[in-house]
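Below, each chain spelled out in residue letters.
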Amino acid sequence: MSKKTLFDKVWDSHVVSQIEGGPSVVYIDRHLVHEVTSPQAFAGLDKRGIKVARPKQTFATPDHNVPTIDQHLTIRDVLSRSQVETLTKNCENHGVTLFGLNHPWQGVVHVVGPELGITLPGSTMVCGDSHTSTHGAFGAVAFGIGTSEVEMVLATQCIMQPKPKKMLIEVNGKLGKGVTAKDIILYIISKISASGGTGYFIEFAGSAITSLSMEGRMTLCNMSIEMGARGGMIAPDETTFNYVKGREFAPKGTDWDKAVVYWKTLKTDDGAEFDSVIRYDGGDIEPMITYGTNPGMGCKISDTLPDGSEFADNNKTTFLKALKYMDIEPGSKMLGRKIDYVFLGSCTNGRIEDFRTFASFVKGKKKDKDTIVWLVPGSKQVEKQCIEEGIDKILNEAGFELRQPGCSACLAMNDDKVPEGKYAVATSNRNFEGRQGPGSRTFLASPLTAAAAALTGVITDPRELM
Amino acid sequence: MAIDKFITLESPAIPLPIENVDTDQIIPARFLKATTRDGFGENLFRDWRYDKNNNKISNFVLNNSTYTGKILVGGRNFGSGSSREHAAWAIYDYGFKVVVSSFFADIFKNNSLNNGLLPVQVSEGFLSKIYSAIEANPATKLKIDLENQTITLLSSGESEKFDINPYKRTCLMNGYDDIDYLLNMKDKIEAFEKSKA
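Small disclaimer: the values here were computed from a predicted structure and weren't measured.

Caption draft 1: Examining the overall build of chain A more closely. The secondary structure content of chain A amounts to 16 helices and 18 strands. The C-alpha atoms of chain A give 21 Å as radius of gyration, which agrees with the globular expectation for 466 residues (23 Å, within 12%). Dimensions of chain A, computed from the C-alpha atoms along their principal axes, are close to 55 × 55 × 45 Å. Across the 466 residues of chain A, 66% fall into the buried class. Pairs at least 24 residues apart make up 76% of the contacts formed inside chain A by residues separated by at least 6 positions.

What follows is the structure, given as structure tokens:
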């Protein structure tokens, strides 16, 4: 039998049909839906006069557009409200399970899926959102799709996709103090660029990866798309099984036992081939921060920025254009730079561990008075857990407040917008021009680095305060 | 639901020689609140086209009447970032039928093909030639021939082959819709489900 990678095993076992000279028809086990990329897809079904093919495998929650305060009130923005209401109506019409606003399971779709056990090892998952790659942390083949494809999956529970190439990224060695999963992924993207993974599906492996918690693994896989890869995945292991066990939609009893036996086979065979293999030394990674306008433009927090002379023509133009937008001098340092906002949250870093990390860092200290800080839990369950664990109290004592769950300032579709020209340290995933509001300037970093900036009002090496 | 057929196109092109044009630039998130597919062209490249007072930014290429046409020529890694299909809708709604670049982000490429917007990937060398030709004469036309998978600079006759999945090419040339194709596979999909149960 031919040697297979983890990705091959999951992908191949879901191929319903191979179109001659074309893409594979791949069966989708779980389809996650949110309010922004689904209305046109449901409208397409209505126009065809058909219903959602497998409503029990389809789960919806509003996240992109929701306010993060006063969620019990009507959404003020008329268009946002209309999208959220349209989602509710569509789910009712088609019998799709919805965790609506104020439902105890509502939240950012990629936080909700794993915490409810909807995300399972060895499964295929899609969502009309590029950060669907998050779920690869469980050894699932999970990737983002466009709205026409959302309609396709709603209509048929299958998707047409050419099989991507395979890349192995191995990170071995012990991580230094203050280095988190977010730093690992920002480090990798800074090395291979924002397009270095395009055309590939990535498997992450190595001791620095397997030593991560499930939540850390999710942060890592979440940002696979930021190097252009459709998805990234990690072989499931005991850490995975322990996380999934007992969750609402996870298999139970003998089904569980059977599932685990299968899941244990989901690893890359010795000698299986990848189209590309890259290895990094975990010991070389430090707390990271981005300085430019794509996630590949990142550096170690203590680095001096390039002055541009080392780049070839095109890259130099891109570099200088980005720094001009950011109003940063080439060749300057990141440390000590004044910031105006801090955002903790998103599908990248909006989970309970991120809030624990932030809270334990600021415990007994005081928020910088001039910095506006948005702490946005990834889900109602994360919010509830913050309260149960007393995290909210620690935060309040340090001068912070918890908001309510949603995508929030990651993409600023709701009112959480960073004003023009202002700087934000954000734990989210994109630092594109205007991503956090028109004219906003974003530095991507870990929750630890965000916490350090929230205390000092400037970019600060978190290790100095640990 | 058929998409518009695409066979050949001859048109001048609009140059946008910027790398990593991400979907947040193509259509910023605050314009994603519609529940229909219409009208996104109005906000295509919104924050590059208009300043904060909604005045046109004169040096942005779409505001420069020297450049016209149904072909947009972008820099490397075009369409990176979010999976929002609104980006492809906005480009198409604005009036483009083809986007040329030396490298496309995966999801953007799929979304474009699903909407009758043809992504044409060329070599870096050919991309430079296109930019130079447009710079010399903004009325320079490009010809895209989908059946033969060629892109030609009509001013010089220089041509390059481009890749496209044969299945997708057939869909575009005939205006076929993937979903109809899959709906016809219902029995096969059900058989697959039974085999896994």
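Back to the text.
Caption draft 2: Up close: the overall build of chain B. When helices and strands are tallied, chain B shows eight helices and seven strands. Its C-alpha atoms give chain B a radius of gyration of 18 Å, within 12% of the compact-globule value 16 Å for 197 residues. Along the longest, intermediate and shortest principal axes, the C-alpha atoms of chain B span 60 × 45 × 25 Å. For chain B, with 197 residues in total, the buried portion stands at 58%. Within chain B, counting contacts between residues at least 6 apart in sequence, those at least 24 apart form 64% of the total. Computed over 23 positive and 25 negative side-chain charges, the inter-centroid distance for chain B is 2 Å.

Caption draft 3: Region of interest: the sheet that holds strand β15 (residues 341-344) of chain A. Residues and elements named next belong to chain A. With respect to topology, four strands assemble into an open sheet ordered β16-β15-β17-β18, the strand pairing being parallel. At either end of the open sheet lies a strand with only one pairing partner, and these are β16 (372-375) and β18 (441-444). Going from strand to strand, the sheet's axes swing by 20° on average, the running direction of each strand aside. Looking at chain direction, β15 and β16 are connected through four bridges and run parallel. Counterpart to Phe 343 in the pairing with β16 is Trp 374. Contacts from helix α16 (residues 447-456) reach β15, β16 and β17 (423-426), with the element oriented near 145° to β15.

Caption draft 4: Main features of the packing of aromatic side chains. The tally for this structure, following the rule as stated, stands at 25 aromatic pairs over all chains. For the pair A:Phe7 and A:Phe201, a centre-to-centre distance of 4.6 Å together with 20° between the ring planes defines the contact as stacked. A residue pair is termed long-range when its members are at least 10 positions apart, and A:Phe7 in helix α1 (residues 6-12) and A:Phe201 in strand β10 (residues 200-205) qualify at 194 residues. This pair shows no difference in class: A:Phe7 is buried, exactly as A:Phe201 is. Ring centres of A:Phe241 and A:Trp263 lie 6.0 Å apart, and the angle between their planes is 25°; on these two criteria the pair is classed as stacked. Highlighted residues: A:Phe241 in helix α9 (residues 238-244) and A:Trp263 in helix α10 (residues 253-263), separated in sequence by 22 residues. Site record: aromatic cluster; members linked through ring pairs are A:Phe59, A:Phe99, A:Trp105 and A:Phe249. It is A:Arg247 that lies over the ring of A:Tyr243; its NZ or CZ is 3.8 Å from the centre. The side chain of B:Arg76 reaches across the aromatic face of B:Phe103, ending 4.6 Å from its centre.

Caption draft 5: Highlighting helix α13 (residues 352-362) of chain A. When we look at burial in α13(A), the residues that qualify are A:Ile352, A:Asp354, A:Phe355, A:Phe358, A:Ala359, A:Phe361 and A:Val362. Phi turns positive, to about 80°, at A:Gly364, one or two residues after α13(A).

Caption draft 6: Up close: the packing of helix α2 (residues 39-48) of chain A against helix α3 (residues 78-94) of chain A. Residue and element names in this part refer to chain A. It is the contact of α2 with α3, at a shortest axis distance of 10 Å, that shows an interaxial angle of 40°. Like other packed secondary-structure pairs, α2 and α3 cross with a definite hand, here left-handed. Between α2, through Pro 39, Phe 42, Leu 45 and Asp 46, and α3, the contact on the second element is made entirely by Gln 83, Thr 86, Asn 90 and His 94. Tallied by class, residues from the contact of α2 with α3 come to three nonpolar, four polar and one charged.

Thresholds, definitions, all that
Residues numbered from 1 in each chain as written. Chains lettered and ligands numbered in written order. Predicted model: local features only at pLDDT ≥ 70, side-chain atom pairs only at ≥ 80, totals over all residues. Heavy atoms only, no water. Helix = DSSP H or I, 4+ residues; strand = E, 2+ residues; numbered from the N terminus. Rg over C-alpha atoms; globule rule 2.2 N^0.38 Å. Buried < 20%, exposed > 50% of the residue type's maximum accessible area, 1.4 Å probe, protein only. Contact = heavy atoms within 4.5 Å. Lys, Arg positive; Asp, Glu negative; His and termini not counted. Charge placed at Lys NZ, Arg CZ, Asp CG, Glu CD. Pairing = 2+ DSSP bridges. Axes fitted to C-alpha atoms, helices over the stretch in contact; angles between N-to-C directions. Phe/Tyr/Trp six-rings, centres within 6.5 Å; stacked < 30°, edge-to-face > 60°. Lys NZ or Arg CZ within 6 Å of the ring centre and 35° of its normal. Left-handed = near helix turned anticlockwise from the far one by under 90°. Nonpolar A, V, L, I, M, F, W, Y, C, P; charged D, E, K, R; others polar.

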